[in-house]
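Chain by chain, the residues run as shown.
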Amino acid sequence: MKKRKIEFELAVYDSMGELCEADRQLMEHAVAARARAYAPYSHFQVGAAVRLENGKIVTGNNQENASYPSGLCAERVAVFYAGAEYPGVAITSVAITATSKKYRVETPAAPCGNCRQALSEYEVRQKSPIRVLLMGERGEVFECGSIADILPLGFDSSYL
């Protein structure tokens, strides 16, 4: 038996203020989208903003439904809209932020497994990495260089 260690590096910024202008703008779009989330059941609001290689920014937020789990996460709303509206245009980065009406979200919120898989599909298909920016309500921002970093050993069409 052999053991292998899978790890990655991420950049940690103390706040949005440390981000470059383009990344700060992307996160601001995610924050605005977060405020429009429909989360009457979980009270956990998530916003996502996707920057495309053509410079367009597309946003999404979580959309809940009384018939859990038929709602959809912010990340998938944003990337699916980008794919539908701008087919063939690569995604360069995604910013994700979360808050709760019940408690303060102090740490950056990472995408769920379903969202990681959906984002990975776009990354594999476009053959270029998608940078990921993660933030809670405020405070630290994590920057990951690729979806593959946060979904090691990902499943893709090569297995089919």
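Our structure is the block above this text.
Okay, so let's go over this structure. (Residues numbered from 1 in each chain as written. Predicted model: local features only at pLDDT ≥ 70, side-chain atom pairs only at ≥ 80, totals over all residues. Heavy atoms only, no water.)

Points about the overall build of the protein chain
Cut-off, in case you're wondering: Secondary structure elements are taken from DSSP: a helix is a run of H or I of four residues or more, a strand is a run of E of two residues or more, and numbering for both begins at the N terminus. This radius of gyration counts C-alpha atoms alone. The globule rule is 2.2 Å times how many residues there are, raised to the power 0.38. Note on areas: Shrake-Rupley with a 1.4 Å probe; residue coverage comes only from the protein chains shown. In this tally, Lys and Arg are treated as positive and Asp and Glu as negative; His is ignored, and so are the chain termini. Here the site of a charge means NZ on Lys, CZ on Arg, CG on Asp, or CD on Glu.
Looking only at helices and strands, one finds four helices and six strands in the protein chain. Going from N to C terminus, the protein chain has its helices and strands arranged as β-α-β-β-α-β-α-β-β-α. Relative to a compact globule of 160 residues, whose C-alpha radius of gyration would be 15 Å, the protein chain shows 15 Å and is just as compact. A principal-axis box enclosing the C-alpha atoms of the protein chain has dimensions of 45 × 40 × 35 Å. Summing over all exposed atoms, the protein chain offers an accessible surface of approximately 9,000 Å²; the carbon and sulfur share of this is 52%. If the 18 positive side-chain charges of the protein chain are averaged to one point and the 19 negative ones to another, these points end up 5 Å apart.

Looking at the sheet that holds strand 4 (residues 91-100)
As a reminder, the rule being used: Each pair of strands is called paired provided DSSP finds at least two bridges between the two strands. Here the axes come from fitting lines to C-alpha atoms, over the contacting stretch only for helices, and the angles between their N-to-C directions go from 0 to 180 degrees. Contacts are assigned to residue pairs with any non-hydrogen atoms lying within 4.5 Å of each other.
If you walk across this open sheet you meet the six strands as 1-6-5-4-2-3, and the pairing is mixed. One side of each edge strand has no neighbouring strand; the edge strands of this open sheet are strand 1 (11-13) and strand 3 (57-61). Adjacent strand axes in the sheet meet at a mean angle of 15° when their direction is disregarded. Here strand 2 (residues 44-52) runs beside strand 3; their pairing, made up of five bridges, is antiparallel. Along strand 3, the bridge assignment pairs Gly47 with Asn61. Packing against the sheet, helix 1 (residues 21-35) makes contact with strand 2, strand 3, strand 4, strand 5 (131-135) and strand 6 (141-144), and its axis sits at approximately 140° to strand 2.

As for the state of the cysteines
What counts is decided by this rule: Note on terminology: disulfide denotes any pair of cysteine sulfur atoms within 2.5 Å.
Applying the stated rule across the entire model yields zero disulfides. With no disulfide of its own, Cys112 lies closest to Cys115 among cysteine sulfurs, the gap being 3.7 Å.

Considerations on helix 2 (residues 74-85)
Put simply, the rule is: To estimate the expected span of a helix, count its residues, drop one, and scale the result by 1.5 Å. The cut-offs for exposure are 20% and 50% of the maximum accessible area for each residue type, with area from a 1.4 Å probe on protein chains only; residues under the lower value are buried, those over the upper are exposed, and the others partly exposed.
Taking 1.5 Å of rise per residue, the twelve residues of helix 2 would be expected to cover 16 Å, and the 16 Å separating its terminal C-alpha atoms lies within 8% of that figure. Those residues of helix 2 that fall on the buried side of the exposure criterion are Ala74, Glu75, Arg76, Ala78, Val79 and Ala82. Where the residues of helix 2 are buried, they touch strand 2, strand 3, strand 4 and helix 3 (113-126).

Some details on the packing of helix 2 against helix 3
To keep things clear, this is the line we draw: By the definition adopted for this analysis, an angle is roughly parallel if under 35 degrees, roughly antiparallel if over 145, roughly perpendicular if from 65 to 115, and oblique otherwise. Each crossing gets its hand from how the near helix is turned against the far one by less than a right angle, where anticlockwise is left-handed and clockwise is right-handed. Throughout this entry, Asp, Glu, Lys and Arg are counted as charged residues, while Ala, Val, Leu, Ile, Met, Phe, Trp, Tyr, Cys and Pro are counted as nonpolar. The remaining residues, Gly among them, count as polar.
Interhelical geometry of helix 2 versus helix 3 gives an angle of 25° and a closest axis separation of 9 Å. One way to sum up the angle between helix 2 and helix 3 is to call them roughly parallel. The hand of the helix 2/helix 3 crossing is left-handed. For the pair formed by helix 2 and helix 3, the contact residues are Glu75, Arg76, Val79, Phe80 and Gly83 on the first element and Asn114, Cys115, Ala118, Leu119 and Tyr122 on the second. Of the residues belonging to the contact of helix 2 with helix 3, the class tally is six nonpolar, two polar and two charged.

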